[in-house]
Amino acid sequence: MRSCGHRFLAVLAFFSIFSGIAYSQFYDTGQDPSSLRWMQIKTDHFRIIFPETYGKNGEDFAKSLNEACSSLNKLFPGKSFRIPVVIHNYTTNSNGYVAWAPKRMEIFPTPEQNTIPLDPFKQLSFHETAHVYQMVSLNSGFSRFLSYLAGEQLLGAEAIFLPLWFMEGDAVFAETSLTGSGRGRSPSFQKEFKAITVERSRPYSYDQAVCGSFRNYIPDHYQSGYQMVTWAMAKNGFQVWNKALDYTARNPFTLNPFNISLRKNTGLRKKDLYRETSDSLGLIWKNNISVSGAKKYPEINPSRSKNYISYYSPVMAGHDSIIAIKTSLSGSPAFVLLNRQTRNEKKLHVPGQIYPWYISCGNRILVWVETRNDPRWANRQYSIIKSLDLRNGIIRTISHKTRYLSAAISPDGRTIAATENTIGNRNNLVLISIRSGEISASLPSPDNVYLQRPQWSSDGSKLTMITLNSRGEGIISFSIADNHWESIIPESNTDLQSSVLRNDSLFFVSSVSGTENIYVRTPAGKVSNLTNSRFGADDICLNAGEIIFSDYTAEGNSLSVTGITSTGGNADPASGASSFLINRFKEKPLTGSSDSAGSYRVVPYRKFLHLFTLHSWMPFYADLDVVRSDPSSVRPGITFLSQNQLSTLISSAGYEYSQDGRNLLHAKLKWQGWYPVIESGIDYGYNPTISKFGENISGPETISPGILFTNTLSVPLSFSTGKYYQYLYPALTSEYYNDYIYLKENGSYDNGQNLISARLYFSNYHRYATRDIYPRWAQTFDIIYTCAPWDKNIYGTSLSLTGALYVPGLLPNNGLRLRFEYEKQDPEKFLLGSRISLPRGYKNIISREIKVFSADYVMPIIYPDLNLGSIIYLKRLRTTLFCDYSEGKGNTYYTRSSSGLTSRYYHNYTETFNSAGFELIADFHLFRIPYIISGGVQSAWTREDNVPVLKMLLNIELFGMEIGKRQMRGRRL
């Protein structure tokens, strides 16, 4: 690789290795409504782009980014950059991400309902800007040289050398060390990692921590990553990770540069650091639990039999009945009814997308908030309120196209209190009639503080809510009678999770001790703790003289109980101070800069002036839609890639020097800025097909270079209706190519043919559980009709119909798929390429009319969590038993070669084809890369063969479900 500047093959080999990883950089999170007007602010490091409706918040976010940049210079000295930042304020998500092909930061700023005591603008700014600094750190040395050859995609692909745990852990460290708050100081953030290091006699392996598991619940890489990053810094100084970034940038050809640098500067490999961090923290946390006297509380939920099952947000539904949200690896989140006496449970309802796990109950009516997507615009979402009447099982949707982030129903079941965050970032408490759904009051929060998790007092006269502002989290109350707001606990850096008033005493969850516990504050202002949990108590439910709550363990949240007058023991702040690594630094942690001064000029962002953003190129030609499945399709040439900052126009252009010495030009364009999506592509210069149909005649006098011109108009629509998701895809495609086809009746060649195809695809599927292979329930339907209105004397028509039904299997996470396919072609001179899947074991047959029936039963075999060094990590073995049957009429058998398809013989009668067999598939990770690879073998027994037909199977799950592209070119009879 040292001579890659002079050797095409060396460069080609490098890019072939990373082609799959690089391709994953070319994606977009969706589009915003086309009617939006956009504004922009330019600073030294950022171009902040935001909708006009976001108003002054755009300037506030620019100031927060400026503060983050100034502070992060202390962690990443000497780095500079300029990057676009796109704010999507029409979503109800609180999130952000940084991508590098094209490079950009995207922000989803709506504050969540289960946050930490840190201003959302500040947390997003510090965390995502840390990711920018990480990527900029890779742009030096040998990597910088390679970026001249490939543009931004090179650094995006090279980021695969950086473990996800490092990238996220380092960003969490940045937000923690520079703000005085951050997730690294929050007990709720580390409790899952804490529980497994304390309760498990043998910690999970490094491969399990990195790649996850289907067998066990593994805390995400944010938690383990932060602890590893911070532990290494505490021992080796702040620059240990900058050294790793610099070494990776300068020596990517070593293939494992990050590990080499880590071992050189700390004496530890990645897995050694993980083991040392886990073991050391386990000792610290066990000692803290022992000193504090923290205990495990008795469970009142059914036995979990060592499965990871969690219960959230318990509410009373009768004297001995509790409703809670249940989550597990095997099933979708559901509301369950538990009987305390028998410890039995009954599933009541599977909701749609909800987070946090929070429900409210009053007078036997249950309410909650679900997220609803806009059908077309992925970056516009709604949060709606739904209710379930426990007396008759009726489910109602109370609001539509709203932005209510949490909801609670009054004890009498008449009024819903909801917290609202508008697209202009105004925060309101909204009171809604449960009967009519009409708003009775909309009350702005004091000083526009964020409001979280409202709870009614036991007599229904007041509401309490967690507040969040620049000073941290507090608790506020609102009196229904006189519309009066009162601060009960002022904002601070102490994390608060829930609160409820009874007889003027405030019960609340606080992290002041270093662990989340339940406290009571009397009307006289005296505060005492009621629990002393080992890992965290949450979700207060008052019931007569006791408190029902969620108590975390390594097996998930259990439902536990304690007395209202009980004492929690020694849950004081000093006992938990050493629980946080940020407090154990040998050198003083950094403190952030408060410099956010300066006003910014806000000007319109003209979308039409920013349609093209060239971000990457390649010193060869590669169609990224093809190279994923066929790396050999890479050819000498050059490729340019563009994607604009709003992800509304994605385009590419390239030159290819083909194997037969031709100069080919290629261009693609995808416009997503309007409600319909327009895709166009052109390929010019190939050798066109000349079809004579066996006539002894000369070829065309002149042959023009081949042209393939395709255009597709589609409207991709996504819907969510509770536990089901739907996808609707109507599309119209035109395909033109200038092949030469001899028409005997005219005595001349036809030059230029056009095919028109109409498609309607629909799917409806149930929410997946972690272990599901097939969806629990699903239906799919796909119909495609193709005709040639201007070339009827060459092509006929083709109609294909496919459908599938998915139903649950006999055991958990088993599934049955029943599939039906039908196709009929009425050809003139050419058969079109078949869109039907032949029975497995058969190939190279095209039928004029065919019906296919199949049944697949899929089941997991074992979850081994087995690794072979750092090469392969096996997560699951699964098998599929299948049976296929088809009837085909007018069957053409052909052979496939490099020159195309050649007809062998034709049967003008009905034939049957059937097969049965199995597939054995492994789901695994290679080299600890985060994408799951599924590979295995298919063995099919056909009626004609005495031995099975074997086929290798391979799939890399980069993007989830996709609509497959079908080849429409004609095939000769």
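Scroll up to find the structure.
First, a word on what this report is: a plain description of the structure on this page. (Residues numbered from 1 in each chain as written. Predicted model: local features only at pLDDT ≥ 70, side-chain atom pairs only at ≥ 80, totals over all residues. Heavy atoms only, no water.)

Next up on the list: the overall build of the protein chain. A count of helical and extended segments in the protein chain gives 14 helices and 50 strands. Its C-alpha atoms put the protein chain at 105 × 65 × 55 Å along the principal axes. Across the 973 residues that make up the protein chain, the buried fraction comes to 57%. In the protein chain, 59% of the contacts between residues at least 6 apart in sequence involve partners at least 24 apart. Positive and negative side-chain charges of the protein chain, numbering 101 and 82 respectively, have mean locations separated by a distance of 3 Å. (Helix = DSSP H or I, 4+ residues; strand = E, 2+ residues; numbered from the N terminus. Buried < 20%, exposed > 50% of the residue type's maximum accessible area, 1.4 Å probe, protein only. Contact = heavy atoms within 4.5 Å. Lys, Arg positive; Asp, Glu negative; His and termini not counted. Charge placed at Lys NZ, Arg CZ, Asp CG, Glu CD.)

Before going further, it helps to spend a moment on the environment of Ser147. Position of Ser147 among the secondary structure elements: in helix α4 (residues 141–150). Here the alpha-carbon distance between Ser147 and Leu810, two residues 663 residues apart in the chain, equals 53 Å. If we skip the residues at most four places from it in the chain, Ser147 touches Asn139, Leu154 and Trp617.

Within the secondary structure, Ser360 sits in strand β10 (residues 360–362). At 3.0 Å, the side chain of Ser360 forms a polar contact with the backbone nitrogen of Ile409. In this structure Ser360 touches Val315, Ile365, Leu366, Val367, Ala407, Ala408 and Ile409, once residues within four positions along its chain are discounted. (Polar contact = N/O pair within 3.5 Å; in protein donor to acceptor, adjacent residues only side chain to side chain.)

The set of residues buried in α4 consists of Phe142, Ser143, Leu146, Ser147 and Ala150. Mapping the buried residues of α4 onto a view down its axis gives an arc of 145°, with all of them on the same face. Gly151, located one to two residues past α4, shows a positive phi value of around 80°. (Arc of directions from axis to C-beta.)

The next subject is the sheet that holds strand β19 (residues 462–469). Taken together, the four strands give an open sheet; going across it, the order is β18-β19-β20-β21, and neighbouring strands pair in antiparallel fashion. Every interior strand has two partners, whereas the edge strands, β18 (450–456) and β21 (484–492), have only one. Within the sheet, the average angular offset between the axes of one strand and its neighbour, ignoring direction, is 20°. Where strand β20 (residues 472–479) and β21 come together, six bridges link them in antiparallel fashion. When the sheet's bridge partners are listed, Ser477 is paired in β21 with Glu486. (Pairing = 2+ DSSP bridges. Axes fitted to C-alpha atoms, helices over the stretch in contact; angles between N-to-C directions.)

Summed over all chains, the structure comprises 37 aromatic pairs. Both rings, one in Phe189 and one in Tyr226, keep their centres 6.1 Å apart while their planes meet at 70°; by these two values the pair is edge-to-face. Placement of the pair is Phe189 in helix α7 (residues 187–199) and Tyr226 in helix α9 (residues 221–236), with a sequence separation of 37 residues. Accessibility classification places Phe189 together with Tyr226 in one group, the buried group. Each ring, one from Trp241 and one from Phe258, has its centre 5.7 Å from the other, and the planes form 10°; the classification is stacked. Highlighted residues: Trp241 in helix α10 (residues 240–250) and Phe258 in helix α11 (residues 257–266), separated in sequence by 17 residues. A single burial state applies to Trp241 and to Phe258, both of which are buried. The structure contains a cluster of three or more aromatic residues connected by ring pairs, namely Phe46, Phe76, Phe81 and Tyr133. In this structure, Arg200 packs its charged tip against the face of Tyr204, placed 3.9 Å from the ring centre. The aromatic ring of Phe214 is capped on one face by Lys875, whose charged end is 4.9 Å from the ring centroid. (Phe/Tyr/Trp six-rings, centres within 6.5 Å; stacked < 30°, edge-to-face > 60°. Lys NZ or Arg CZ within 6 Å of the ring centre and 35° of its normal.)

Moving on, we get to the packing of helix α2 (residues 57–72) against helix α3 (residues 120–137). Where α2 meets α3, the closest approach of the two axes is 9 Å, and the angle between their N-to-C directions is 50°. One element, α2, and the other, α3, form an angle in the oblique class. You can see that α2 and α3 cross each other, and the crossing is right-handed. Mapping the contact onto sequence places Asn57, Asp60, Phe61, Ser64, Leu65, Glu67, Ala68, Cys69, Ser71 and Leu72 in α2 and Phe121, Lys122, Leu124, Ser125, Phe126, Thr129, Ala130 and Tyr133 in α3. Residues belonging to the contact of α2 with α3 are distributed by class as follows: 10 nonpolar, five polar and three charged. (Parallel < 35°, antiparallel > 145°, perpendicular 65-115°, else oblique. Left-handed = near helix turned anticlockwise from the far one by under 90°. Nonpolar A, V, L, I, M, F, W, Y, C, P; charged D, E, K, R; others polar.)

Next up on the list: the side chain of Arg767. Tracing the backbone through its elements, the reader meets Arg767 in the loop between β39 (748–766) and β40 (778–787). Salt bridges are absent for the buried Arg767, whose nearest opposite-charge side chain, Glu370, sits at 7.2 Å. Separated by 3.3 Å, the side chain of Arg767 and the backbone oxygen of Pro351 make a polar contact. Once residues within four sequence positions are removed from consideration, Arg767 is found in contact with Ser332, Pro333, Pro351, Gly352, Gln353, Lys723, Tyr725 and Asp772. (Salt bridge = Lys/Arg side-chain N within 4 Å of Asp/Glu carboxyl O.)

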